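Chain residues, written in single-letter form:
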Amino acid sequence: MPPMADGQGLLLQTSPGDPRHNRLSDPVLSTRPLPTSSTSGSGHAWQRLSGFLGIGWPGTYKLALRSKGTARIHFDGLAVLESPESGARVEIELWMGSGPHFFILDSSSEGTTVFLKRAGSEQWRLLDETMLRPIAKPVSPGQALITMNRLTEARIPLAAFLIAGLVIVLLRVWFPGFGLHGSFALAAVTLIVLAWLSTGTLAPHAATLHNAKEVAPCKYLVNVDHPHWIAVYKMLEGANKGEWAFSMVLRRVLQPLLSLPFTRVLGYLGGGFVLNLALSLGALFSWGWFLNREFGNTASRWGMWLLATYPGLHYFIGLPYAYALIAPTMVWGFIFLHEMDKPASWRKLFVLSLLLGCLMLGYDLIPFFAPALLAVVWHANRRFTKLSASFVGLLLPTIIWSCILYGVFEAPVITRNTSVYPAILASWLGPYDWGEWGRLLAQVPLVAVHNLFVGTFITLPALLVLLLITNRGSTRVRLSFASLAFGASVILVFFFNNLGPPYQAQYVMRGYWMARLYQPVFIFIIFFAAQRISATRETMPWNRGLHRAVLLITILVNTMVVLGPATWPGLAEPIYGYFCNYPNPSPPGTLTRQLELYGRRPLGFCP
């Protein structure tokens, strides 16, 4: 923070025009309280008062501005208030941390009044010289913004270190001296820190998009579809139908439903992040336990690290959207498939499929699991009654919620982004555009490779290719039937979306731009990697070392990608940017520009 000058008040500078475009005079210390006095006698049309506003207690404050002419306030470099031409009073709610904050007031007339109060208080306080301190050297709003961003960025490593230390202490108390839990503790610490550094203005699902929106009071970034996701919360909170009926994602109810207790206390962003983090940690521990049971401790450790640093988990975790449930759902769904690939009673199969069906209320993943579920149940049991019970259990939660949505909330079940599936089926009924169809089919091999690599953030598919090349000889591993069935389900979904005739719909599910749809294949790759590293235990040391080096490089590169928004975005920019390649893609350099504009501020850092 630049040094303060002696005394109270602000530095006064005058200008013949708007200070953003005209030269300012030399600064003079002004101890006049706000409202400012007239500048008309000096022959200048504008004046700028700059310095520091001291805040003793952190919290949410309200700032009010009234002016007979044009006036604007920059707080920590951000333009937060501008007076309307009518001269009406305008207010804004801001989070203010304790300590000094840059305060700049540009005004073109006398009678500019600024008030401040804590949110919840009834008494406004006139902003006067007792609350203001001059800066030793004047700064522009742009310079103030850069300075505050750098100060925030300097605090982030310390905060991350403190969070990591706290988690290690807690896990040491909860899980003393147990090998698997010790590995989980280190992976969990990494996941928590990386997840926190993927929130606020660093949330990749917002910061990588040119049309991202900012939300008050901390000006964190959210996705352009933010209102659609918040509408689900409002529906569950009993808000007026006009506040949520427009949403296209009302069917994805699990994440808002589970996070309601947290959002009531911490708000949508804070509460949603707490739930997303808790589910991700639960999935991490479940994954470690499952791999330890299947292949041993070595596979468990590597598998947990691959999951904890997976960019797809952190891409969505910082926002209160159903996308954040994809990674945990894939972990638990993959485990359920292996549990159902064993002889069992129809009751057990029904309960397992019912739990899997409840997870499907988080995101539309039934097409990825339904074929695999039917295959594994038939493979292990070969009874139509058990097959039927499993299929009913998988679909039942979705059917029940659809009936509630339609009958209780009077909301449509078919929306703009679900009507595409009937359109795909109807395309097979003709008429056919044979020339266009042939052109689309010729692209399918390249689309498949592109979607595999881009949809799982490039590093995991590269790892898969290397492991497949070395999967030979005495250490060759054979994948379980459940994992093969899941892989086949993903391929079936890809064929359904890309092999059909051309069709017209608002969201066309074929082609390069839908790579993110195939993110679920990541769990198959991590499973194969864990199984492969387990099989190298009895091979030559150089072979074990080679495989471990490949896995370590993958983990380090993934970590660099996730840390990109908080540190150096050069690697994260293309990988994150390609993943969410909408029909109207963001131009190159979007992430860097958003970080320069809004700063690097995870949750908890509010200007």
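Residues numbered from 1 in each chain as written. Predicted model: local features only at pLDDT ≥ 70, side-chain atom pairs only at ≥ 80, totals over all residues. Heavy atoms only, no water.

**Q** Any chance you could explain the overall build of the chain here in plain terms?
**A** When its secondary structure is counted, the chain shows 19 helices and 13 strands. Taken over 607 residues, the chain has a buried fraction of 54%. Put simply, the chain shows about 26300 Å² of open surface, and 65% of that area lies on carbon and sulfur atoms. (Helix = DSSP H or I, 4+ residues; strand = E, 2+ residues; numbered from the N terminus. Buried < 20%, exposed > 50% of the residue type's maximum accessible area, 1.4 Å probe, protein only. Areas by Shrake-Rupley, 256 points an atom, 1.4 Å probe, with all protein chains shown as cover.)

**Q** When you look at the sheet that holds strand β10 (residues 125–126) in this model, what are you seeing that I'm missing?
**A** What holds strands together in a sheet is hydrogen bonding between their backbones, with the strands either parallel or antiparallel. Taken together, the four strands give an open sheet; going across it, the order is β7-β4-β9-β10, and neighbouring strands pair in antiparallel fashion. Lying at the two open borders of the sheet, with one neighbouring strand each, are β7 (90–96) and β10. One ladder, built from six bridges, connects strand β4 (residues 59–66) with strand β9 (residues 113–118); its direction is antiparallel. By the bridge assignment for β9, Lys62 is matched with Lys117. (Pairing = 2+ DSSP bridges.)

**Q** Help me out: how do you make sense of the side chain of Asn497 in this one?
**A** In this fold, Asn497 is placed in helix α15 (residues 481–498). Taking the relative accessible area as the measure of exposure, Asn497 reaches 3% and is therefore buried. Setting aside anything within four residues of it in sequence, one finds Asn497 in contact with Ile424, Met509, Arg510, Leu517 and Tyr518. (Contact = heavy atoms within 4.5 Å.)

**Q** What is the right way to read helix α8 (residues 326–340) from this model?
**A** Because an α-helix packs 3.6 residues into every turn, residues spaced three or four apart end up facing the same way. Taking 1.5 Å of rise per residue, 15 residues should cover 21 Å, and α8 covers 21 Å from first to last C-alpha, within 8% of that figure. Across the 15 residues of α8, 15 count as buried, placing the element largely inside the fold. (Expected span 1.5 Å × (residues − 1).)

**Q** Sorry if this is basic, but what is going on with the pairing of strand β5 (residues 71–75) here?
**A** Remember that side chains alternate between the two faces of the sheet whenever the strand is regular. Burial within β5 is extensive, with five of its five residues counted as buried. Relative to strand β8 (residues 99–107), β5 runs antiparallel, the two sharing five bridges. In the sheet register, His74 faces β8, and the bridge partner there is Ile104. Between the end of β5 and the start of strand β6 (residues 78–82), which pair antiparallel, lie two residues, with Asp76 showing a positive phi angle near 55°.

**Q** What exactly am I supposed to notice about a nonpolar patch on the surface here?
**A** The grouping of Phe262, Val265, Leu266 and Val274 at the surface amounts to a nonpolar patch, some 340 Å² of accessible area in total. Turning to its location among the elements, Val274 is positioned in helix α5 (residues 254–295). Note on Val274: relative accessible area 30%, which makes it partly exposed. (Patch = residues over 30% accessible without salt bridge, like charges linked within 9 Å, V, L, I, M, F, W, Y side chains within 5 Å. Salt bridge = Lys/Arg side-chain N within 4 Å of Asp/Glu carboxyl O.)

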